[in-house]
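# Structural description and commentary
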Amino acid sequence: MSIFGVHWRNSFSYDYTNMDEMRWYNPEHGNGAAVDGRLSKYAISDITSTFTSTLNYAFSLFNDHHIGLLAGYEAYKNTYSMLHAHATGFSNSEMIELSMASTPYETKSKKDHERMQSFFGRINYDYLNKYFLSFSIRTDGSSRFAPGHRWGTFWSIGGNWRISEENFFKGIEWVDDLKLRASYGITGNDQIGNDYAWISTISSDQNVVFGTTAIPTYYPSGYSNRQLGWEKNKQMDLGFDIGVFNALNIVVDLYKRTSDIVMPANIPNFNGIAGSVYMNAGQIENKGIEIQVSATPFKGDFSWETTLSWSKNNNKILSLANNQNQLANASAGTKWGNVMRNYVGRPMGDMYMLKVIGTFNTEKDLAQYAKNGTQDIGDLIFEDYNKDGTIDVNDYQLVGNYQPDFTFGWNNTFIYKDFDLAVTIDGQCGGNVIYAAARAFSLNRYDDNVLAESGLGRWKSSTDPGNGRSHKAGTNNLGSNIGPSTRYLYDADFLRIRNVSLGYTLPKKFCKIIGIENMRISA
């Protein structure tokens, strides 16, 4: 709707999902045999509604100044509910209802509410199609945060200069377009994984016995944080676009983003309840570069359009709340719980494990190297990182990180008359992964299936020690060889053909004959 040049647009969306599920295991076999039948019922309802209203107005001043205004309001509401009941013991397989069960096993329910209101506005300005400025601001209120901290105001400002439109640039005909860009802004994030992260939780899984009667009790199982507020991201971008020879376009972006993360952080553990609480836990910095090159090497009956993208990101934890040095995601003293670590001053996703340096091949090796518990010839040797003569969790060292050095992609579209072929390739260089499944498939027991790398590369003798990262078959010290170590650490480099699509577009004359506008067949 338009009034005096002001365009008013309203939209409303409603998404309703309802699921009823029944799982029945009959008493004759399988999971229901031991308990005379097992029945589970689930009822899930998920309702989301969104209302958006915007006003747009565009006008010009003296023909050279162009201004666009936008103002808007948005309301979001989500309600999620779940009911689950589980029972066992059915005397009749024909009457499958929870009320017919002799043993109610479990009943639980859940209901979540999420609300958000937003007010936003934007101003766009350009002069002579050469100089562009944009300013936007929004205020959001989210139910995910504590009262008094639910509202946040976020803004951004940006501009670009189209140099190719300047008079001094008119003589450079091989440059089609050249533009410099810069922006700075603050955005907010409320997707912290918990609708009620700021509220103290209550649990009821403990009973108190009075006489001979067990009475269910309720107790606080977590702390509240009434200071919990928005996760804020401050980002600065610099970039340029250039097009040359009417065939090649290059886009380069530099960015730096600082995020005030919201996540669980350690606090002193009192009265046996949770030792962590959601809070604005610290700052994480990401900075990097993104480059995209697009070209059309061939045009005509046969054409080829190609786009190559490349990006590199450097990540670092700048600070953590309560003067912590490490994010609360590692369990000190445990094995696998202490592998992934995040320290201040380091990128997220460091991997700490024992470093495999070979196998015990001789009695001299057994006397020379520290042992991980009981070990013998044919078992793995781990580096004694702290030089105390014993292999344990204190010898875990930094051996890798999951973040890549850079990522890339390559999109190609080939067209010959009515045929087209699209090929998408992507990949990354650098980074590491822990292949946890390899632990189960590299035990090298006599009757087990094993990975080829583990089986063929296993220790066989002192003169044939294999690949140096797989212990001998049938070792009596299996537990000493299969803890967290670099034997399960792999490079994450990859090159992948993500998609290949071949298509044929029917000629328009044929489409007209059969009464359709166009038709494309693809595979």
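Structure's up top.
Note that the structure is a prediction, hence the values are computed from the model and not measured. (Residues numbered from 1 in each chain as written. Predicted model: local features only at pLDDT ≥ 70, side-chain atom pairs only at ≥ 80, totals over all residues. Heavy atoms only, no water.)

### Examining the overall build of the protein
We count it as follows: Secondary structure elements are defined from DSSP: runs of H or I of at least 4 residues count as helices, runs of E of at least 2 residues count as strands, and each element is numbered from the N terminus. Radius of gyration means the value over C-alpha atoms here, while the globule rule gives 2.2 Å times the residue count to the 0.38 power. Contacts were defined at the residue level, with two residues in contact if any of their heavy atoms lie within 4.5 Å. Reported accessibility uses the Shrake-Rupley method at a 1.4 Å probe radius. Residues are deemed covered only where the shown protein chains occlude them. This count recognises Lys and Arg as positive and Asp and Glu as negative, with His and chain-terminal groups excluded. Here the site of a charge means NZ on Lys, CZ on Arg, CG on Asp, or CD on Glu.
A count of helices and strands for the protein gives four helices and 25 strands. A compact globule built from 523 residues would reach a C-alpha radius of gyration of about 24 Å, whereas the protein, at 32 Å, exceeds it by more than 25%. With the C-alpha coordinates of the protein rotated into their principal frame, the extents come out at 85 × 70 × 65 Å. Taking the contacts inside the protein whose residues are at least 6 apart along the sequence as the reference set, 62% of them involve residues at least 24 apart. Accessible surface computed for the protein: about 30800 Å², of which carbon and sulfur atoms make up 55%. When the 48 positive and 53 negative side-chain charges of the protein are each reduced to one mean point, those points stand 2 Å apart.

### What to know about the nonpolar core
Applicable threshold: Nonpolar core, defined: a set of buried Ala, Val, Leu, Ile, Met, Phe, Trp, Tyr and Cys residues in which side-chain atoms within 4.5 Å join the residues together. Only protein chains enter the accessibility calculation, which uses a 1.4 Å probe. A residue is then buried if its area is under 20% of the maximum for its type, exposed if over 50%, and partly exposed in between.
With 11 residues, the main nonpolar core is built from M116, F145, A146, F154, I186, I192, A197, W198, L228, W230 and V262. Once residues lying within four places of it in the same chain are set aside, the contact partners of A146 are W198, N225, R226, Q227 and L228. Residues Y343, Y352, V356 and F382 belong to the second largest nonpolar core, which totals nine residues.

### Considerations on the sheet that holds strand β15 (residues 340-341)
Strands in a sheet are paired, the pairing made by backbone hydrogen bonds, and the direction either parallel or antiparallel. Which entries qualify depends on this criterion: Two strands make a pair as long as DSSP finds a minimum of two bridges between them.
Spatially, the three strands line up as an open sheet ordered β15-β16-β19, and their pairing is antiparallel. What marks the edges here is a single partner per strand, and that holds for β15 and β19 (397-401). Where strand β16 (residues 350-353) meets β19, four bridges bridge the pair, whose relative direction is antiparallel. Paired with M353 across the two strands is Q397, which belongs to β19.

### Let's talk about the pairing of strand β13 (residues 276-298)
One ladder, built from 15 bridges, connects β13 with strand β14 (residues 302-320); its direction is antiparallel. Across the sheet, the residue bridging to A295 is T306, located in β14. Here β13 hands over to β14 after three residues, with G300 in that stretch at a positive phi of 120°.

### Side note on the environment of G222
Relative to the elements of secondary structure, G222 occurs in the loop between β10 (213-220) and β11 (231-244). Given a relative accessible area of 8%, G222 falls into the buried group. For the pair G222 and A197, spaced 25 residues apart in sequence, the C-alpha separation works out to 9.8 Å.

### Concerning a nonpolar patch on the surface
So the rule is basically this: Nonpolar side chains (Val, Leu, Ile, Met, Phe, Trp, Tyr) are joined into patches within 5 Å and like charges within 9 Å, using only residues with over 30% relative accessible area and no salt bridge. The term salt bridge refers to a pairing of a side-chain nitrogen on Lys or Arg with a carboxyl oxygen on Asp or Glu at a separation within 4 Å.
Taken together, the side chains of Y57, L69, I123, F135, I137, W155, I157, Y184, M236, L238 and L254 present a nonpolar region at the surface, about 910 Å² in accessible area. Sorting the residues of the nonpolar patch by element identifies β6 (131-142), β7 (151-162) and β11 as the ones contributing at least two each. Structurally, L238 can be placed in strand β11. Accessibility expressed as a relative area gives 43% for L238, which makes it partly exposed.

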